[in-house]
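A look at the structure
Residues per chain are reported as follows:
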Amino acid sequence: MSKKVICFGEMLWDCFPDKEIPGGAPMNVALHLHQLGLEVGMISRVGDDERGRKFLAFISGYGFPTDLVQIDQIHPTGNVIVHNEDPENIKYTIVSPVAWDYIEMNEQNIHAVQSADALIFGSLAVRNAQSWDTLYHLLHQPTLNIFDINLRAPFYDFEKIELLLGYTDILKINEDELEIVADYFNLKIDTNTVCDMLTTHFPIQMVCVTLGSKGAMIYENGKVFKHPGYKVTVEDTVGAGDAFLGGFVKSYLEGKKPEEILDFACAIGAFVATKKGGTPRYQVDEIWKAVGQKG
């Protein structure tokens, strides 16, 4: 049976100097999971405006369901100004407030999460009290909670992050974010030390640390599993981490071993880095071909 995943959070337009591309980390993850064959729903909110209508048309074009996406009559669809002068180190200016700051709780959301195998969420979407209250309620439902910490200054609050960690089963974090977390908890900047603290003081079963061009690692039950990543020619890194998480979640829910989880996640992350934008259309065999593997 196909696994069911619910993603919660921002739907927004990445506004480049010459174009606008639909995105948002949880939305990107949702589209990757959908293309990988999982049943996926997206709890979010867009404005009753041209950008909102274009976004819904965009995801509908993938055959992706829009029934959990709310329409806001007051606030505009989210957008982010992308500074891509250095394609290896993209910067973002996140506009506020927007529709996804006001995701409302309803029975449809609760039922969707209760019937899912996993709920994926980040820290950006809870910068506003409305969406924070909704997510916090959903985290109490009986499903696997996957926290893509996704720290975006100045939109994170460690009081909220500690609460989110208290409901997290799997944490995905990158090197820079790990340093921020280490600083907050007064720990030395050492991956194993931080992972040990997180899995000791919170109900986290597994920590996945993405290492950019150096691959990724999994920390589970005191054991470390590493993958060096795949070397590819980078077009841009927008959405590569989201693709990685999609591959990670698919493999994890299929019961794969940590080494296998990392291999597929690193492959799809590298594949997306060879493309423009965060959600290219693809078949799974294209991923392995791009990284020089048979799959």
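From a predicted model like this one, the values you see are computed outputs, not experimental measurements.

Another point: the nonpolar core. Side chains of a nonpolar character, in soluble globular proteins, are inclined to be buried together. Formed by 53 residues in total, the largest nonpolar core has its most connected members in Phe-8, Leu-119, Leu-171 and Leu-198. Core analysis: the second largest hydrophobic core is formed by 52 residues, Val-29, Tyr-62, Phe-64 and Ala-265 among them.

Turning next to the packing of helix H8 (residues 240–253) against helix H9 (residues 258–273). Here H8 crosses H9 at 150°, and the two axes come no closer than 7 Å. Looking at the two axes, H8 sits roughly antiparallel to H9. Where H8 crosses over H9, the two elements pack in a sense that is right-handed. In this structure, H8 contributes Ala-240, Ala-243, Phe-244, Gly-247, Phe-248, Lys-250, Ser-251 and Tyr-252 to the contact, and H9 contributes Glu-260, Ile-261, Leu-262, Phe-264, Ala-265, Cys-266, Ile-268, Gly-269, Val-272 and Ala-273. Of the residues that constitute the contact of H8 with H9, the class distribution is 13 nonpolar, three polar and two charged.

Looking at the element boundaries, Lys-54 is found in helix H2 (residues 50–60). Spatially, the C-alpha atoms of Lys-54 and Tyr-184 are 40 Å apart, while their sequence positions differ by 130 residues.

A separate point is the pattern of salt bridges. Overall, the coordinates contain 10 salt bridges when judged by the stated rule. Of the charged contacts, one joins Asp-101 and Arg-127 as a salt bridge, the two residues approaching to 2.7 Å between their closest N and O atoms. Of this pair, Asp-101 sits in the loop between strand E7 (91–94) and helix H3 (107–114) while Arg-127 sits in the loop between strand E8 (118–122) and helix H4 (129–138); the two residues are 26 residues apart in sequence, bridging distant segments of the chain. For the pair formed by Asp-101 and Arg-127, the shared burial category is buried. Of the charged contacts in the structure, one is a salt bridge between Lys-256 and Glu-254, with a shortest N-O distance of 3.4 Å. Residue classification places Lys-256 among the partly exposed residues on the basis of a relative accessible area of 36%. Classification of Glu-254 by relative accessible area gives partly exposed; the value is 40%.

Any two aromatic rings considered together are summarised by their centre-to-centre distance and by the angle between their planes. For the structure on display, the rule yields 14 aromatic pairs. Geometrically, the ring pair formed by Phe-248 and Tyr-252 is stacked, given 6.4 Å between the ring centres and 5° between the ring planes. Note that Phe-248 and Tyr-252 are positioned in helix H8 at a spacing of four residues, about one turn of the helix. Judged by its relative accessible area of 1%, Phe-248 is buried. Residue classification places Tyr-252 among the partly exposed residues on the basis of a relative accessible area of 23%. Measuring from ring centre to ring centre gives 5.4 Å for Phe-271 and Tyr-282, while their planes differ by 75°; the resulting arrangement is edge-to-face. Placement of Phe-271 in helix H9 and of Tyr-282 in the loop between H9 and helix H10 (284–290) is noted, with a sequence separation of 11 residues between them. By relative accessible area, Phe-271 is classed as buried at 2%. For Tyr-282, a relative accessible area of 5% corresponds to the buried category. Ring pairs connect the aromatic residues Tyr-156, Phe-158, Tyr-184, Phe-185 and Phe-202, which therefore count as one cluster. Note that Arg-281 overlies the ring of Tyr-62, its terminal NZ or CZ placed 4.0 Å from the centroid.

Following the UniProt record, one finds the feature "domain: Carbohydrate kinase PfkB" (unreviewed entry) at residues 19–279. What you have in residues 19–279 is 38% helix and 22% strand, and the ends, taken at the C-alpha atoms, are 15 Å apart.

Definitions and cut-offs
- Residues numbered from 1 in each chain as written.
- Predicted model: local features only at pLDDT ≥ 70, side-chain atom pairs only at ≥ 80, totals over all residues.
- Heavy atoms only, no water.
- Core = buried A, V, L, I, M, F, W, Y, C linked by side-chain atoms within 4.5 Å.
- Buried < 20%, exposed > 50% of the residue type's maximum accessible area, 1.4 Å probe, protein only.
- Axes fitted to C-alpha atoms, helices over the stretch in contact; angles between N-to-C directions.
- Helix = DSSP H or I, 4+ residues; strand = E, 2+ residues; numbered from the N terminus.
- Parallel < 35°, antiparallel > 145°, perpendicular 65-115°, else oblique.
- Left-handed = near helix turned anticlockwise from the far one by under 90°.
- Contact = heavy atoms within 4.5 Å.
- Nonpolar A, V, L, I, M, F, W, Y, C, P; charged D, E, K, R; others polar.
- Salt bridge = Lys/Arg side-chain N within 4 Å of Asp/Glu carboxyl O.
- Phe/Tyr/Trp six-rings, centres within 6.5 Å; stacked < 30°, edge-to-face > 60°.
- Lys NZ or Arg CZ within 6 Å of the ring centre and 35° of its normal.
- UniProt positions renumbered as here; feature names shortened; annotations may be inferred.

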